[in-house]
Every structure is written in structure tokens, then in C-alpha cells.
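These are the residues of each chain, in order.
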Amino acid sequence: MGTSDHDFDCLVFIGRFQPPHLGHLAVINEALRHARRVIVLVGSAWQARSLRNPWRFDERQSLLRSCFDDEENDRLEIVPLLDALYNDDVWVRDVQRKVRDIAGHHHARLPRIGLIGASRGQSSYYLSLFPQWESVSVPLVDGISASQIRERLFRSPSSTEDYLSTGATHDLPPGVCEALRSFAGSDAHRQLMEEQQLLEQYRQAWANAPYPPIFVTVNAVVVQSGHVLLVRRTAAPGKGLLALPGGFINPHERLLDACLRELRERVRLKVPEPVLKGSLRGQRLFDEPHRSWRGRTLAEAFYFALRPDQQLPQLKPVKGGDHARWVPLAELEPDSLFEDHFFIIQNFLGLPADFSGI
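Residues numbered from 1 in each chain as written. Predicted model: local features only at pLDDT ≥ 70, side-chain atom pairs only at ≥ 80, totals over all residues. Heavy atoms only, no water.

Chemist: Help me out: how do you make sense of the pattern of salt bridges in this one?
Modeler: Two side chains bearing opposite charge may form a pair once their charged atoms approach each other closely. Here the structure, examined in full by the defined rule, presents 18 salt bridges. Salt-bridge contacts for E253 lead to R261; the nearest nitrogen and oxygen are separated by 2.6 Å. Residue E253 is classed as buried on the basis of its relative accessible area, which comes to 18%. In this structure R261 comes out as buried when scored by relative accessible area, which is 10%. The salt bridge partner of E265 is R261, with a shortest N-O separation of 3.6 Å. Taken together, the positions of E265 and R261, both in helix α10 (residues 255–266) and four residues apart, correspond to about one turn of that helix. Owing to a relative accessible area of 43%, E265 belongs among the partly exposed residues under this scheme. (Salt bridge = Lys/Arg side-chain N within 4 Å of Asp/Glu carboxyl O. Buried < 20%, exposed > 50% of the residue type's maximum accessible area, 1.4 Å probe, protein only. Helix = DSSP H or I, 4+ residues; strand = E, 2+ residues; numbered from the N terminus.)

As C-alpha cells, then:
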């Protein structure tokens, strides 16, 4: 098919590609057949490694590029896309801007743009968010599950080896298989296997529950003088990442009381409780279904805006606990924070959502 025969100037494909598999490849190949250029928007960019998002954007970009020849890669634009978990409008605007900047005008006319995706699954949801673009649906490739691929890769060293030597050829392009063999045994792979083992223990502990458990937690967003209070996690999951202070509620505890208790016990924040209560500026429930590795976990977050002062409140170290610190807001990066904690802070403080310059 010659360039002039293409139905679209641009086709847009949105996914997380964790990892890129033959189902993704089928969609992109179909897009290349019908469009002059294909824009692949890679979601969950700039997030910390986790069992749900094991590979960083640059790694996924390399994996995707390995599936295509030079001519095809010249027609592919692979662009990072930061999630906006609790604001669809911000996310949609980011997608629109990225596509506009890449597509531009074609010979002084508006480009013909389409959004392509599998006819079932998350792609169907994306297709409904952009009515200004034509929708192109591709049949879903049966039998391929990214979540099952990740489980087999991180269950154990033997599971990783068995999968990459036998089963992966049915799910993954050859270039992706080769790259994942190099990834196996790395420090990142070992840490993810440790998290997978913890997750399995967690699942077993609740295996006999009469219904899937739903957990309730609290988090504190404490801000003063351009700094936010965070803790450095000392154990998996998320070992080494920054997180908001918080934890599970006790059975006979109100949510705000649980949050204040966590600030008192976990970080020993030297601010009187009446002052904290008087500084409360907002609260919200954060309930994205995949927000936590534990399973369905709801987080009620409380936003405390302390009066500006040249001295930040003291934090007394807790023996054996996470290490608390005040972090300048300008130093916050999504890939340094645990789970969805960056997006919780972003929700209260209105931090910029565009990280295209990183």
C-alpha cells in the first residue's frame, strides 16, 4: 500500500505495554496498514517499578521498536503518557495535546485522525473518550494476558526461565523475548520477584475469606512552606520509594482519628493535634481499582496545610520504622513515589500533569 493510499493521516493507539505482546503487535500492524503515521501513547510513564508496571517508558519504547523494521519505525511515534488517575479530563487533554502536536496539518488541511484499539478490554473505554476522532476496532487476540505474563515472569527464577524458554513464543515477539531474558536476573527483576512472593502470601492469608476482601487505609498530605511530609519505605513492597504517611484503620476508629494516630506514631510529627485539626483543608476517597498491590484498597486522604514558617516541624525518628522527611514540592517525581501517592498529592495541590520535558 503506497503512502497516498492510506485511509488516515494518523492512527493513535493507547496502551501500557507491560510488556508489549503479540496482541499489541496485531493492532500496531493494522494501524500501519491504514495510516501514514502511527502514534503509540505509552501509559503509566514515569511511575515507579511495580508488579503492575515493571518496565519504565524507555525500556518499553525499546521493546516496541525491536518489533519493527526501519521503514516501519520511521512511521511510528512512541510517546510517554503520564496517568491522571483521578481526573479523566486532565488525561484526555494531555492525549489531545500530544496528538495535535505530532499530527499537525497535512498539506494545509486538517489531518484525518483515528483511534485504534482492541474491540474488548480497556481499549474499548479509551475509544469512547474521543468522539472527535474516528474509531477503528481490531479483534482482540485471544489467549494472551499481560497480567498472566507478568505473574509467570516474577513468580520465581524457575518460572521465569521456563516461561522464556517455552511458553513466551506464543505471547511475545522474538525481540521482546530476547530483551526479557536479559532483564531476568537483574536487581529490578529480583526485587519484583520478592514483591510477587509477598503478594502470594497475602493472597493465601485471605484465601478462605467468604468474599474478596476490601481494605480501608488513611493517608496524610501535610504541606508547609513548599514542602510535603513523606516517608522512605524500608521494606517491600516499594522498598526505597517515598510514600505519604498512613496505614490501615483500626476496627473502632474514625478515619480522621486513624490519620492523626499514624502521624503521631509513624512519623512523630511535632505539631499539636488541635493545630493539625485546624489546618485540615480537605479530604477525599481515592479508589482506583488497581491502586494497590494488596488488591481492592480504598484510601481516605486528608490534606493539612500548615502555616508557613521558616522552621519546618521536627520529625522524631521511629525505631524500626520508615524514615520521614520534608520534601520540596519541586523535587517530587512520579517514579519516586509509591503506588498512586503522587496522584493523591497532585489532586490536592494541583501540580502540573505534563512531564513531557523529562
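What follows continues from the structure just given.
Chemist: What should I look at first to understand unusual backbone geometry in this one?
Modeler: Residues other than glycine predominantly adopt negative phi, and peptide bonds predominantly adopt the trans conformation. Cis geometry is found at the peptide bond from Q18 to P19, where omega equals -5 degrees. Tracing the backbone shows P19 in the loop between β1 (8–15) and α1 (22–34). Omega for the peptide link from A236 to P237 comes to 0 degrees, which places this bond in the cis form. Relative to the elements of secondary structure, P237 occurs in the loop between β7 (227–232) and β8 (242–243).

Chemist: What exactly am I supposed to notice about the sheet that holds strand β5 (residues 134–138) here?
Modeler: Taking strand neighbours across the sheet as the criterion, the five strands line up as β3-β2-β1-β4-β5 in an open arrangement whose pairing is parallel. Edge positions in the open sheet fall to β3 (76–80) and β5, since each of these has one partner strand only. Across the sheet, the mean angle separating the axes of adjacent strands is 25 degrees when strand polarity is ignored. Here strand β2 (residues 35–42) pairs with β3 via five bridges, running parallel. (Pairing = 2+ DSSP bridges. Axes fitted to C-alpha atoms, helices over the stretch in contact; angles between N-to-C directions.)

Chemist: Teacher, can you tell me more about helix α8 (residues 174–183) here?
Modeler: Every α-helix carries 3.6 residues per turn, so stepping three or four residues along brings you back to the same face. Within α8, the full set of buried residues consists of V176, C177, L180 and F183. Each buried residue of α8 lies within a common arc of 115 degrees when the element is viewed along its axis, so the set occupies one face. For α8, the exposed residues set more than 90 degrees away from the buried face come down to P174, E178 and S182. As for α8, its buried residues are in contact with α2 (57–65), α6 (146–154), α7 (157–167) and α9 (187–205). (Arc of directions from axis to C-beta. Contact = heavy atoms within 4.5 Å.)

Chemist: I'm lost on helix α4 (residues 88–103) in this one. Help?
Modeler: The terminal C-alpha atoms of α4, which comprises 16 residues, lie 22 Å apart, in line with the 22 Å expected from a rise of 1.5 Å per residue. Looking only at α4, the buried set comprises W91, V92, D94, V95, K98, V99, I102 and A103. Buried residues in α4, looked at end-on, bunch into an arc of 160 degrees, giving them a common side. Within α4, the exposed residues directed more than 90 degrees away from the buried face are D89, R100 and D101. For α4, the capping residue at the N-terminal end is N87, with a side-chain oxygen 3.2 Å from the backbone nitrogen of D89. Just beyond α4, the residue with positive phi is G104, at close to 55 degrees. (Expected span 1.5 Å × (residues − 1). Polar contact = N/O pair within 3.5 Å; in protein donor to acceptor, adjacent residues only side chain to side chain.)

Chemist: Quick question: what am I supposed to make of the environment of F183 here?
Modeler: For F183, the position within the fold is in helix α8. Taking the C-alpha atoms as reference points, F183 and W55, separated by 128 residues in sequence, lie 9.7 Å from one another. If we ignore the near neighbours within four places in the chain, the residues touching F183 are R49, P54, W55, F154, A188, H189 and L192.

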